[in-house]
Every structure is written in C-alpha cells, then in structure tokens.
Amino acid sequence: MTHFFCRIIKDFRSLCRNIILKGCDFLIRLNDVNKVFTDGHKVLNNINLHIQKGEFVFLVGSSGAGKSTLIKLMLKETEATTGKIVIDNEDITKMRRRYIPHLRRNIGVVFQDFKLLQEKTVYENVAFAMEVIEASPREVRRQVPIILSMVGLSKKYDLYPQQLSGGEQQRVSLARAMVNSPKILIADEPTGNLDPDTSREIMKLLVEINQRGTTILMATHAKDIVDNMKKRVVAIEGGRIVRDEMRGAYCRET
Amino acid sequence: MSLASVTSITATLLVIGIFVMLALNFDYIATNIESQVEMKAFLVDGLGQDVIESMKKNVESLDGVKTVTFESKTQALEKFKEKFNNNSYLLEGLDDRNPLPDSLIVTMISPNNAKEISESISKMSDVENVVYGKEVLDKLLKITYALRVGCLLLIAVLLIISTFIIANTIKLTVFARRREISIMKFVGATDWFVRWPFIIEGVVIGIIGSIITVLALSSVYMYFVKTLSGSMLGIMSFTIMPFSEIVIDTTFFVTCIGIFIGFLGSVISVRKFLKV
C-alpha cells in the first residue's frame with residue numbers, strides 16, 4: 001500500500017517537474033549529476049544546471065574545478081556516475097552508443113587549440129564537418145561560403161591553417177562548429193590562446209551567433225571578457241556550482 | 001605505410017597459401033587412391049550365364065556400390081599373364097586346367113563402405129569369398145583423415161595469427177590519422193563513416209597481397225610439376241594435382257583469406273580510436 005502511494009507521489013512529482021521545465025523551454029538540463037572517477041576522486045558533486053534556449057552562459061572556475069568534465073558529459077564523451085542530463089528533450093544518460101553522433105550534430109564545439117586539420121584548406125576543414133554528417137555535395141557548396149563570409153574569411157578559403165593567425169584559425173573552427181547549424185555551441189576556452197584584441201573579435205562573433213538564436217555555453221578563464229559581457233555566469237569550484245548569477249561577473253562583487 | 005601492410009599480408013598469405021596447396025594435394029591424392037580401391041568377389045566354378053547376371057544385379061543394388069564388372073576365368077588368366085609379362089612361361093600349361101575362379105570386380109563410391117559391402121556380398125550364395133586390402137585401406141583412411149583435419153587446423157591458426165599481425169600494421173596508419181578521427185567524432189560522424197575508408201584500404205591491401213601470393217606460388221608450383229613429371233611420377237602410384245586445377249582453387253582460397261584478413265584487421269585496428 002505504502003509502496004503504491006510512494007509511486008503515485010513520485011509520478012506526480014516528476015509530472016509537475018516536467019510541466020514546469022517544459023514550460024520554461026530548457027535546452028540543457030542537468031539534474032543531480034555526479035561524476036566519480038574510477039580512482040574514487042569526485043569530480044562533479046550534485047550539479048544542477050538548467051539552460052534556456054538562446055541563453056549565453058559563462059562557465060568559470062579554476063583549472064581542475066570540473067568545467068571540462070561537465071562539457072565532456074554533455075557531449076557524452078564520458079558518462080555521468082549518477083544523475084540525469086537532458087539535452088533538447090532527450091535524456092542522454094540513457095542514450096544508446098549509436099545515437100551519440102546524432103547528439104553531437106546538435107552541438108557545435110570549439111576548442112582552445114582549434115583542432116583544425118593541418119593538411120586541409122580552410123574551405124576543406126569546414127566542408128569536412130558537413131561531409132561527415134553525409135550532406136550532399138550541393139549543400140556543401142552552398143553552405144560553406146555562407147558560413148565563411150559570416151566569420152569573415154571568404155577571401156582566405158584556400159589557405160592552410162599554418163598560414164593563418166590564431167584568431168583566424170579560431171574563426172575557421174567556429175565556422176566548422178556552426179556549419180551544420182547546431183542548437184547549442186559549446187566553447188571550451190576559445191580565447192585561451194589569443195591576444196586581447198583578437199579575443200574581443202571572437203567574442204563579437206560569438207555574440208552575433210547567439211543573437212541568431214544559438215545557445216552558447218562558454219568555459220573561460222578570461223576575467224575581463226566575463227566582466228564586460230554582463231551575461232549569466234556559472235561558477236564551479238571543487239566540483240560544485242558555487243554561484244549562478246544572471247548578469248554576473250568573474251568574481252563575486254564585494 | 002601501406003607498403004608495410006602489403007608486405008606483411010603477402011608474407012602471411014604465402015605461408016597460408018603453401019598450406020592450402022598442400023591441403024589441396026593431400027585431398028586430391030587421397031581421393032585418387034580411395035577411388036582406386038576395389039573389391040573382388042570370387043565365385044563358385046561352373047555357374048550359368050543367367051545366374052551370374054542376376055548376381056551382378058544383386059550386387060549393383062547394394063548401397064555404396066559404384067560399378068560391378070564380371071571377370072571370367074579366362075580373362076583373369078590373361079590379366080595374370082600380362083602381369084608376369086616376361087616370366088609368362090611360368091604359367092604355360094595352365095590353359096587347360098585354369099585354377100583361377102570367375103569373379104565380380106566391385107568399385108565403391110567411398111571406401112568407408114567397404115566393410116558392409118563385403119559382408120553382404122559374402123552372405124550371397126555361390127560366393128566363395130570376398131577380398132579387399134582391409135588393413136591397408138583402414139590405414140589409408142586414417143592417414144588421409146588426419147592429414148585433412150591437420151591442414152585445416154593449421155590454416156585456422158595461421159589465419160588468427162596473421163589477422164593480428166595485419167591489425168597491428170594497419171594500426172600505424174590509423175594512428176597517423178587519429179586526430180582526424182577524433183575531430184570526425186566530435187562533429188558527429190557515425191562509427192561506420194569513420195570505419196569504411198580503413199576497411200576499403202584493408203581489403204585492397206588484402207587483394208594486392210593475394211595477387212602477389214598467387215603469382216609467386218603458382219610459378220613455383222608450375223616448376224615443381226615440370227621437374228616431377230619427368231622423373232618421379234612414373235614410379236609413384238599417384239599424381240599430384242594438375243596445375244590448371246590447383247591455380248583456380250588456390251586463387252579462390254587465398255583471395256578470400258586475403259580479403260577476410262584485411263577486413264578484420266582494419267576493423268580491429270580502428271576499434272580503439274573510435275572510443276571518443
């Protein structure tokens with residue numbers, strides 16, 4: 001009997017939660033996520049993070065705080081030990097291995113070290129991302145120039161990554177991330193290797209992408225950028241979310 | 001990089017190919033010898049033509065019997081004389097009092113049935129006794145069986161070993177492209193999208209390796225056949241497999257094995273790098 005009631009209450013609770021969350025149109029939902037490494041080290045501790053469609057969120061915290069692990073969880077590069085991760089209304093903790101590629105097609109990723117293919121030109125690097133998801137050659141020929149002009153590299157399409165500056169390389173990797181028009185863009189310290197001026201230009205580009213409707217989650221160490229942007233800031237320390245402010249700064253203002 | 005793969009796949013295919021050729025030859029020789037085994041049923045003297053005919057029909061109707069031919073006393077003597085060619089004077093004077101009996105010569109579909117057939121023939125009336133090389137035949141059957149099984153086992157073991165050698169060689173190629181693979185996986189490539197170029201590469205390497213192997217092995221075999229046919233084959237009671245037959249079979253087996261090894265090798269070597 002009690003068991004039966006417990007189940008009804010549980011069902012009711014999850015129903016309410018679903019209604020509330022659906023109404024808010026969250027694109028990314030992490031509920032009670034824990035991640036423990038095999039050696040027993042607890043990297044993420046009870047993480048609850050909800051991100052709405054169209055938001056721009058900074059993820060800040062010192063190295064080793066768990067930012068990268070959080071990003072890896074969303075890409076399903078590693079598995080959460082417990083908890084639930086829902087991306088675009090799909091519970092990825094229960095996702096089968098063969099559906100992971102489809103998850104990743106909805107998430108563009110940009111890295112600190114760009115991860116461009118050195119033996120391919122700018123155009124080929126971007127087209128590569130479309131070929132991988134088996135887009136038709138016609139679509140590739142149409143879409144790649146559009147995205148290259150968006151990041152301002154139309155004229156440099158046949159150069160190789162070594163011939164470009166750091167900022168330009170990061171633009172290429174942004175173009176590659178955006179060419180399949182994902183709903184989410186995850187940027188893992190995209191300005192980590194760039195000087196302040198170039199960083200600012202990349203941020204301008206990110207804001208533009210965000211204004212077109214892409215949700216952006218950016219992990220960063222750049223204090224001045226976070227302070228200038230006045231966007232939502234989620235701070236992680238020792239595997240916990242210690243602060244989540246809608247118009248925050250890098251450090252807690254005292 | 002692929003030169004290394006082709007070399008190692010050719011080396012392993014050569015070893016496997018030699019055993020395939022040996023196995024094919026064992027099989028060929030064994031079947032040859034087995035088909036030569038015949039049985040003789042000696043008949044009582046002085047049977048009428050119609051009795052012999054009906055007996056012949058009875059024997060033919062037995063399971064596992066291929067052909068039955070009647071050999072009369074006189075035919076048997078002629079044969080005997082032929083065998084003793086130079087010394088046929090020893091048999092002079094036997095023409096009037098021929099001691100050899102009439103007989104039925106029975107050939108079998110498979111020598112495995114020899115025992116049952118001989119038993120059922122000796123039960124028939126007017127049959128004096130039935131002979132076939134029992135001990136020799138039993139030994140022969142055992143040897144050919146062991147050789148066939150042995151060759152198959154050896155080829156299977158070689159197959160497993162060579163698959164891992166090839167997998168390790170191809171792994172070098174995959175390792176050189178691991179960055180590309182991880183980027184592919186990040187932008188949402190499926191496992192098969194990453195895998196198939198490597199598999200095609202593996203299969204092509206396998207085909208090239210088997211072409212080289214077949215060319216090398218068949219030219220060696222041709223030389224072998226030529227030298228052997230002149231000298232030794234005359235005194236041996238069997239022949240080795242003719243060139244035209246063995247080339248077709250070997251090409252088939254070696255190419256299949258080459259493709260299989262190349263395919264499996266690349267699947268194994270890509271596996272590790274797909275876990276991103």
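Draft legend 1. Inspection of the domain arrangement of chain B at higher detail. By the assigned domains, chain B splits into domain 1 (2-33 + 138-274) and domain 2 (38-132). Each of domain 1 of chain B and domain 2 of chain B has a C-alpha centre, and the two are 48 Å apart.

Draft legend 2. Inspection of the pairing of strand β3 (residues 56-60) of chain A at higher detail. Residues and elements named next belong to chain A. β3 sits mainly inside the fold: five of its five residues count as buried. Burial of β3 is two-sided: the residues Phe56, Phe58 and Val60 facing one way and the residues Val57 and Leu59 facing the other way are all buried. One ladder, built from five bridges, connects β3 with strand β8 (residues 215-220); its direction is parallel. Looking at β8, one finds that Val60 is bridged to Thr220. The pairing of β3 with strand β9 (residues 232-237) spans four bridges and is parallel. Pairing of Phe58 across the sheet is with Val233, part of β9.

Draft legend 3. Structural context of the environment of B:Ile9. Residues and elements named next belong to chain B. Turning to its location among the elements, Ile9 is positioned in helix α1 (residues 2-36). Linking Ile9 and Ala114, residues 105 residues apart in sequence, is a C-alpha distance of 45 Å. In contact with Ile9, other than residues within four places in its own chain, are Ile166, Ile205, Gly206, Gly209, Gly258, Ile261 and Gly262.

Draft legend 4. Just a nonpolar patch on the surface, in detail. Together, B:Trp192, B:Trp196, B:Ile200, B:Val204, B:Ile208 and B:Ile212 line one region of the surface with nonpolar side chains, adding up to about 580 Å² of accessible area. Its place among the elements puts B:Trp192 in helix α7 (residues 191-231).

Draft legend 5. Local environment of the confidence of the model for chain B. Model confidence for chain B is summarised by a mean pLDDT of 83, while 92% of its residues fall at 70 or above. By mean pLDDT, helix α3 (residues 73-83) of chain B is the weakest element of chain B at 78, and helix α8 (residues 243-271) of chain B is the strongest at 90.

Draft legend 6. Here's a closer look at the packing of aromatic side chains. Scanning the entire structure with this criterion turns up five aromatic pairs over all chains. Geometrically, the ring pair formed by A:Phe56 and A:Phe58 is tilted, given 5.2 Å between the ring centres and 50° between the ring planes. Take A:Phe56 and A:Phe58: they sit in the same class, and that class is buried. Ring centres of B:Phe175 and B:Phe273 lie 6.1 Å apart, and the angle between their planes is 65°; on these two criteria the pair is classed as edge-to-face. With B:Phe175 in helix α5 (residues 134-176) and B:Phe273 in the segment after α8, the pair connects residues that are 98 residues apart, well separated along the chain. Positioned above the aromatic ring of B:Phe186 is the side chain of A:Arg104, whose terminal nitrogen or guanidinium carbon lies 5.9 Å from the ring centre. Sitting over the ring of A:Phe111, A:Lys115 keeps its end group 5.0 Å from the ring centre.

Draft legend 7. Representation of the interface of chain A and chain B. Residue-level contacts link 19 residues of chain A with 14 residues of chain B. In terms of surface lost to chain B, no three residues of chain A exceed A:Arg97, A:Arg104 and A:Val132, which account for 32% of the buried area on that side. Summed over the shared surface of chain A and chain B, the number is one salt bridge. In this structure, the salt-bridge partner of A:Arg97 is B:Asp191, at a minimum N-O distance of 2.6 Å.

Draft legend 8. Representation of the packing of α1(B) against α8(B) in the model. Residues and elements named next belong to chain B. For the pair α1 and α8, the least separation of the axes is 9 Å and the interaxial angle reads 140°. Between α1 and α8, the interaxial angle falls into the category oblique. Both α1 and α8 take part in a crossing whose hand is right-handed. Across the interface between the two elements, Ile9, Leu13, Ile16, Gly17, Val20, Met21, Leu24, Asn25 and Tyr28 of α1 pack against Glu245, Ile246, Asp249, Thr250, Phe253, Val254, Ile257, Gly258, Ile261 and Gly262 of α8. Along the lines of polarity and charge, the residues of the contact of α1 with α8 split into twelve nonpolar, five polar and two charged.

Draft legend 9. Highlighting the domain arrangement of chain A. Residues and elements named next belong to chain A. On domain assignment, one finds that chain A holds domain 1 (34-106 + 182-249) and domain 2 (117-180). Just the C-alpha atoms count here: the centres of domain 1 and domain 2 sit 24 Å apart. Opposite the 14 residues of domain 1 that make contact, domain 2 presents twelve residues. Both sides together, the interface formed by domain 1 and domain 2 hides about 1,200 Å², and carbon and sulfur atoms give 72% of it. Of all residues in domain 1, the largest losses of buried area upon contact with domain 2 belong to Arg105, Pro182 and Leu205, amounting jointly to 41% of the total for that side. For the pair domain 1 and domain 2, the interface holds one salt bridge. As a salt-bridge pair, Arg171 and Glu201 come within 2.9 Å of each other at their nearest N and O atoms. Among the elements that line the side of domain 1 that touches domain 2, the one with the most residues is helix α7 (residues 196-211), at seven residues. A class-by-class count of the residues in the side of domain 1 that touches domain 2 yields eight nonpolar, two polar and four charged.

Draft legend 10. Region of interest: the sheet that holds strand β5 (residues 90-91) of chain A. All names here are of chain A. The four strands lie next to each other as β2-β1-β4-β5, forming an open sheet whose pairing is antiparallel. Only two strands of the sheet have a single partner each, and these edge strands are β2 (42-52) and β5. The pairing of strand β1 (residues 26-36) with β2 spans seven bridges and is antiparallel. Within the sheet, the bridge partner assigned to Ile28 lies in β2 and is Ile51. Set on the sheet, helix α2 (residues 67-74) makes contact with β1, β2 and β4 (82-87); between it and β2 the angle comes to about 60°.

Scoring rules and cut-offs
- Each chain carries its own residue numbering, running from 1 in the written order of its sequence.
- As a convention, the first chain written is A and the first ligand written is 1, with the rest following in written order.
- Residue-level local features of this predicted model are given only where pLDDT is at least 70; pairs of side-chain atoms are given and counted only at 80 or more, and the full residue set underlies all totals for whole chains, interfaces and linings.
- Hydrogen atoms and water are omitted, and side-chain values are computed over all heavy atoms in the structure.
- Note that domain bounds follow an automatic or database assignment of domains.
- Partly exposed residues are those whose accessible area sits between 20% and 50% of the maximum for their type, while under 20% is buried and over 50% is exposed, using a 1.4 Å probe and protein chains only.
- Elements are defined by DSSP. Helices are runs of H or I of four residues or more, strands are runs of E of two residues or more, and each kind is numbered from the N terminus.
- Any two strands with at least two DSSP-identified bridges between them are counted as paired.
- By the convention used here, residues are in contact when the closest approach between their heavy atoms is within 4.5 Å.
- The patches described consist of residues with a relative accessible area above 30% and no salt bridge, like charges being joined within 9 Å and nonpolar side chains (Val, Leu, Ile, Met, Phe, Trp, Tyr) within 5 Å.
- Working definition of accessibility: Shrake-Rupley area with a 1.4 Å probe, residue cover restricted to the visible protein chains.
- Salt bridge, as used here: a side-chain nitrogen of Lys or Arg that lies within 4 Å of a carboxyl oxygen of Asp or Glu.
- What pLDDT expresses is the predictor's confidence in each residue, scored from 0 to 100.
- Only Phe, Tyr and Trp rings take part, Trp by its six-membered ring, and two of them pair if their centres are within 6.5 Å. Stacked means planes under 30 degrees apart, edge-to-face means over 60, and tilted covers everything else.
- Two limits define a charge over a ring: the Lys NZ or Arg CZ must be within 6 Å of the ring centre, and within 35 degrees of the ring normal.
- Buried area is calculated as the accessible area (1.4 Å probe) missing from two parts once they are joined, with the contributions of both summed.
- Only C-alpha atoms enter the line fits that serve as axes; for helices the fit covers just the stretch in contact. Angles between N-to-C directions range over 0 to 180 degrees.
- Angle categories are assigned with fixed cut-offs, so that under 35 degrees is roughly parallel, over 145 is roughly antiparallel, 65 to 115 is roughly perpendicular, and the rest are oblique.
- The hand of a helix crossing depends on one turn: near helix anticlockwise from the far one by less than a right angle means left-handed, and clockwise means right-handed.
- Under this grouping Gly is polar, as are all residues other than the nonpolar Ala, Val, Leu, Ile, Met, Phe, Trp, Tyr, Cys and Pro and the charged Asp, Glu, Lys and Arg.

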